[in-house]
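Here is how the chains run, residue by residue.
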Amino acid sequence: MDLQVRPQNLIKDTLGRPENLEQVRQFLNEGNPPNRTALAVQVCDWHRFVDHRGQRQISTCLKALRDLEEHGHFTLPRPSFQQAQSSPRRLPEPVPEPRDVPEAAGEVRGLGLVLVETEDQVRIWNEMLFREHPQGAGPLVGRQLRYLIASEHGWLGGFGFASAALALSDRDTWIGWDDATRKRHLDRVIGMSRFLIRPTVHCRNLASLVLGMVLRRVGRDFDARYHLDPWLVESFNDTEAFEGTCYQASNWVKVGLTQGRGRQDRQWHCPTSVKDIYVYPLRPDFREAMGVEPPMGPPSLGVAEGLDGDEWAQNEFGGACLGDQRLSKRLVESARAMAQQPGASFSSVEKGNWPAVKGYYRLIDHPDDAEVTPEAILAPHQQRVVQRMMAQPLVLCIQDGSDLNFSGLDACEGLGRIGTNQTGAGSQGLHMHSMLAVTPDGLPLGVLDARLQAPETKSPEDTRPASAIPIEEKKTFNWILGLRKCADLAAELPDTHLVSVMDREADFFELFDEQRNNPRVDLLVRAKHDRTLGGDGQGLFEVVRQSPAQGRLQIPVPRQSARPKKSGQKAREARPQRLAEVSLRFRQVTLQPPDRMKDRGPITLWMIHVREELPPEGAKPLEWFLLATGEIGSADDAAERLRWYALRWRIEDWHRVLKTGCRVERLGFETGERLKRAVAINLVIAWRIMVMTLLGRESPELPAEVLFSDLDIRVLKAFARQRKLEGPSTVGLAVGLVARLGGYLARGNDPPPGHEVMWRGFTLLQGMSLGFALNEDG
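So, a few notes on the structure that sits alongside this text.

Rules used in this analysis
Counting of residues starts from 1 at the beginning of each chain's written sequence and follows it residue by residue. The model is predicted, so local features are restricted to residues of pLDDT at least 70 and side-chain atom pairs to those at 80 or more, both for listing and for counting; the totals for chains, interfaces and linings are taken over all residues. For side-chain calculations, the full set of non-hydrogen atoms in the structure is used, while hydrogens and water are omitted. Here, strands pair whenever DSSP counts at least two bridges between them. The numbering of helices and of strands both runs from the N terminus, where a helix is a DSSP run of H or I of at least 4 residues and a strand a run of E of at least 2. Axes here refer to lines fitted to C-alpha atoms; in helices the fit is confined to the stretch in contact. Angles between the N-to-C directions go from 0 to 180 degrees. Residues are treated as being in contact if the distance between any of their heavy atoms lies within 4.5 Å. For salt bridges, the criterion is a side-chain nitrogen of Lys or Arg within 4 Å of an Asp or Glu carboxyl oxygen. Summary of the burial criterion: residues with accessible area below 20% of their type's maximum are buried, those above 50% are exposed, and those between are partly exposed, where the area comes from a 1.4 Å probe applied to protein chains only. Every crossover in which the path from the first strand over the helix to the second runs clockwise, viewed with the strands pointing away from the viewer, is termed right-handed. Paired rings are identified among Phe, Tyr and Trp, the last through its six-membered ring, by centres lying within 6.5 Å, and are further divided according to the angle between planes into stacked (under 30 degrees), edge-to-face (over 60) and tilted (the rest). Each ring is checked for a lysine NZ or an arginine CZ that lies within 6 Å of its centre and within 35 degrees of its normal; such an atom marks a charge sitting over the ring. Geometric relationships in this document are graded by angle, where less than 35 degrees denotes roughly parallel, more than 145 denotes roughly antiparallel, 65 to 115 denotes roughly perpendicular, and other angles denote oblique. Handedness of a crossing is defined here by the sense of rotation of the near helix relative to the far one, left-handed for an anticlockwise turn of less than a right angle and right-handed for a clockwise turn. Residue polarity follows a fixed list, in which Ala, Val, Leu, Ile, Met, Phe, Trp, Tyr, Cys and Pro are nonpolar, Asp, Glu, Lys and Arg are charged, and the others, Gly among them, are polar. Definition used in this section: a nonpolar core is a set of buried Ala, Val, Leu, Ile, Met, Phe, Trp, Tyr and Cys residues joined via side-chain atoms within 4.5 Å. What the arc describes is the spread of directions from the helix axis to the C-beta atoms. Helices are assigned an expected span. That span is 1.5 Å times one less than the residue count.

**Overview of the sheet that holds strand β7 (residues 232-237)**
Reading across from one edge, β3-β4-β5-β6-β7-β9-β8 is the order of the seven strands in this open sheet, with mixed pairing throughout. Only two strands of the sheet have a single neighbouring strand rather than two, namely β3 (112-115) and β8 (253-257). Adjacent strand axes in the sheet meet at a mean angle of 30 degrees, parallel and antiparallel pairs treated alike. Packing against the sheet, helix α5 (residues 119-132) makes contact with β3, β4 (145-150), β5 (157-163) and β6 (189-197), and its axis sits at approximately 80 degrees to β4.

**Focus: the pattern of salt bridges**
By the definition in use, this model includes 43 salt bridges. Linking E132 and R198 is a salt bridge whose minimum nitrogen-to-oxygen distance equals 2.8 Å. With E132 in helix α5 and R198 in the loop between β6 and α8 (206-226), this residue pair connects regions lying 66 residues apart in the sequence. Accessibility assignment for this pair places E132 and R198 in one class, buried.

**Some points on the pairing of strand β15 (residues 521-526)**
Consecutive side chains of a regular strand alternate in pointing toward one face of the sheet and then the other. Among the six residues in β15, six count as buried, and that is most of the element. Burial of the side chains of β15 extends over both faces: V521, L523 and V525 are buried on one face and D522, L524 and R526 on the other. One ladder, built from five bridges, connects strand β14 (residues 497-502) with β15; its direction is parallel. Its bridge partner lying in β15, S500 is registered against L523. Regarding the hand of the β-α-β motif, the stretch spanning β14, helix α17 (residues 509-517) and β15 is right-handed. Pairing analysis gives three bridges linking β15 to strand β21 (residues 623-628), with the strands arranged antiparallel. Among the inter-strand pairings, V525 is bridged to a residue of β21, identified as L627.

**Regarding the packing of aromatic side chains**
Scanning all chains against the criterion turns up 16 aromatic pairs. Judged by centre distance (5.1 Å) and plane angle (85 degrees), the ring pair of Y247 and W252 falls under edge-to-face. Taken as a pair, Y247 and W252 share a single burial class, namely buried. Look at W624 and Y645: their rings are 5.3 Å apart centre to centre, the planes differ by 75 degrees, and that puts the pair in the edge-to-face class. With W624 in strand β21 and Y645 in helix α19 (residues 635-646), this residue pair connects regions lying 21 residues apart in the sequence. Site record: aromatic cluster; members linked through ring pairs are Y147, F159, F161 and F195. A cation sits over an aromatic face here: R146 above W125, 4.9 Å from the ring centre. Directly above the ring of W649 sits R648, whose terminal nitrogen or CZ lies 5.4 Å from the centroid.

**Examining the packing of helix α12 (residues 325-340) against helix α14 (residues 354-364)**
Where α12 meets α14, the axes come as close as 10 Å, and the angle between the chain directions of the two elements is 115 degrees. One finds that α12 runs roughly perpendicular with respect to α14. Crossing geometry of α12 relative to α14 is assigned as left-handed. Across the interface between the two elements, L327, R330, L331, S334 and M338 of α12 pack against P355, A356, G359, Y360 and L363 of α14. Classifying every residue of the contact of α12 with α14 by side-chain character gives seven nonpolar, two polar and one charged.

**With respect to the nonpolar core**
Residues M389, L511 and F708 are the most contacted members of the largest nonpolar core, which totals 150 residues. Of all the elements, helix α21 (residues 672-698) adds the most residues to this core, at 16 residues. Formed by 30 residues, the second largest nonpolar core is a distinct cluster that contains F159, M192, L215 and Y278.

**Remarks on the side chain of S334**
Position of S334 among the secondary structure elements: in helix α12. Looking at S334, the relative accessible area reads 1%, which means it is buried. Once residues within four sequence positions are removed from consideration, S334 is found in contact with F346 and Y360.

**Looking at unusual backbone geometry**
Of note, the bond from G138 into P139 is cis; its omega dihedral lies within 30 degrees of zero at 15 degrees. Counting through the fold element by element, P139 comes out in the loop between α5 and β4. Here the phi dihedral of D100 falls at roughly 55 degrees; this positive angle occurs in a residue that is not glycine. Taking the relative accessible area as the measure of exposure, D100 reaches 67% and is therefore exposed. Look at R663: it is not a glycine, yet its phi comes out positive at around 55 degrees. Structurally, R663 can be placed in the loop between α20 (649-661) and α21.

**A closer look at α14**
Within α14 the residues assigned to the buried category are A356, V357, G359, Y360, L363 and I364. Take α14 and look down its axis: the buried residues cluster within an arc of 165 degrees, on one side only. Residues of α14 that are exposed and point over 90 degrees away from its buried face: W354, P355 and R362.

**Some details on the packing of helix α22 (residues 710-723) against helix α23 (residues 731-741)**
Between α22 and α23, the shortest axis-to-axis distance is 10 Å and the interhelical angle comes to 70 degrees. Considered as vectors, α22 and α23 are oriented roughly perpendicular to each other. For the pair α22 and α23, the sense of crossing is left-handed. Of the residues in α23, those in contact with L716, F719 and A720 of α22 are A734, L737, V738, R740 and L741.

**Concerning the environment of E613**
Looking at where E613 falls in the secondary structure, it is placed in the loop between β20 (603-612) and β21. Sequence separation between E613 and E623 is 10 residues; the distance between their C-alpha atoms is 9.2 Å. Ignoring anything within four residues of it in the chain, the contact list for E613 reads R552, E581, S583 and R585.

**Regarding α22**
Given 3.6 residues per helical turn, the α-helix brings residues three or four places apart onto the same face. With 14 residues, α22 extends 20 Å between its outermost C-alpha atoms, agreeing within 8% with the 20 Å of an ideal straight helix rising 1.5 Å per residue. Taken together, the buried positions of α22 are occupied by D712, I713, V715, L716, F719 and A720. For α22, the buried positions fall inside an angular range of 160 degrees around the axis, keeping them on one side. Exposed and oriented more than 90 degrees from the buried face of α22 are D710, R721 and Q722. Taken from the residues just after α22, K724 is the one with a positive phi, measuring 55 degrees.

The following block contains the structure:
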């Protein structure tokens, strides 16, 4: 008999053709098959339905026949027996707990994977998963593999692989296949249906380690058992219970979300929670093997594209998933109005437009568990940021933290302690850890990430020393989460080099260790700790200082005004602007892991050092130590990294615009969640003010229509005629006129207008434009 392999998903399609349905009906009418199994065998022989081992696909064929019977195509013989409810084979008692498991995965003795094959292994796996996994032991669907995680300490957990989901919108979009291709090749995708590290096992990095181990062998084992080489593995992560850290550390790709439906949810009851979808390619050229092209993503955008006065709010906020399209529309309208007068109360912005005011406060005052979240508000803007990044060969992803002080809101719930004031009383507010995408020329592309958190005070009952507290419970974990965000973006931006830039607070070993797991993103961090090198006790900083200078540079030091001591801020002295002459050194250094991470190997980085040898009298000399990944082969390479780090001030400028220009610390709402929503809108408004200011410096030749509406340009033309100035034909000229509205004098030795002048001028321009429009309507 000449049998051939037929993919499982095509069997029902084949049987559903009119001529094949008629063949089955005629065979049934002749009374030939004694039972359903005999019919399935005959159908397999007719159509040569076999699996990759050459065996008839009787079970799949039976399922297809039952489905066709449900649709009224024919009537099958009555089942010869009622199938009993099966129960997994189990042990009579729980699987013994492992003993003396070390805290670090590298210290686990005899760690390995056991492919479940024997009766005893099946019972151990079933018992352990049934008792200790949230979804139990199964049943699993389709072709299956099971593994036990073994060690000299005992059984540590297990894996279960089965057939992939029949259809997943986000997965299928990411792969790029159509329905026909999916049906042909779905059996090349296997699902990791179960992954258990036993609840009593607390071993750092064990999950990511064994996940890597199983991925290296599952394809080989699957092929050996089923004569089928899988190309992709998929899995799901319930973010309500797990962070998904082990997937990220093992280089899985997050491709989207499930719709909350189980495999058999045909009535769209959505009985399961929505989960992250992760995919791991076992074969790098899987798309080529399937005959599909990578899906076309959204088009790239220029820095200033879509930022004009009329459409920018729709572009940056439109389509936000807030649970109701009316709320999305209200968000756009509110953002557009708020940007006209940054920092003003919404009622004064709308000037008596009560429906608009009421709509804005309804948007912000949704219950704390509503879909109106800061993440949802920022999502459309962040997609635009990614599109702007696509057009850049290199992007700096600058991270920083800043506190938002809301001490005046005594009745506001959901705030945390952010510090103390001069009297020692606690200050309440939110901590914001944010990330700004910036080009190497210093132009901000947008807000990549913003986490607004209410800091929790350590309980007096928590006596753990700092070294014993997991990194996930510390504020410094925000830096790692930011790096992971960059790693996710790097998968979407194969033609854009991402560099994560951070200040001294990010100088900790766990961050550099994380980068080893995500090497697609480079790090550039200002060093804080003078680590000991070698056995002679010599400090890292002094070793670098004593090495020969490899170049000379000039670094502009901006002017700094004096500031008295205020709540949460130290006093600072005034500093004049100057050009610092510095010596340049760079060398490779090796960082040893701290005692708490002895299972991790040392990390080799590059250190760049600049020092001002002859500072002006009374001035503090400029000195930086930077730690960088990526090769630094010359003084030019080192100087380039220094230029990148100097742009870190962009994020501090943005925070200043947010606080001083948009005045977010003057917001007043009853809960921290409502404050976060209003802050999220202002994050984008503050970024746009920065772009408008900087484009006037960096790209003054662009047409004025890039940033200004037709009405704005007409008002600026009138203002220019009145002052006998050149009209706003370009961005540079228009920005200059806005700066003059804000009080900029434009004298020959004046520096370029700053953000504060610009938001004052922009606010006045919006008021003038409104008056201009009202006059025309009258």
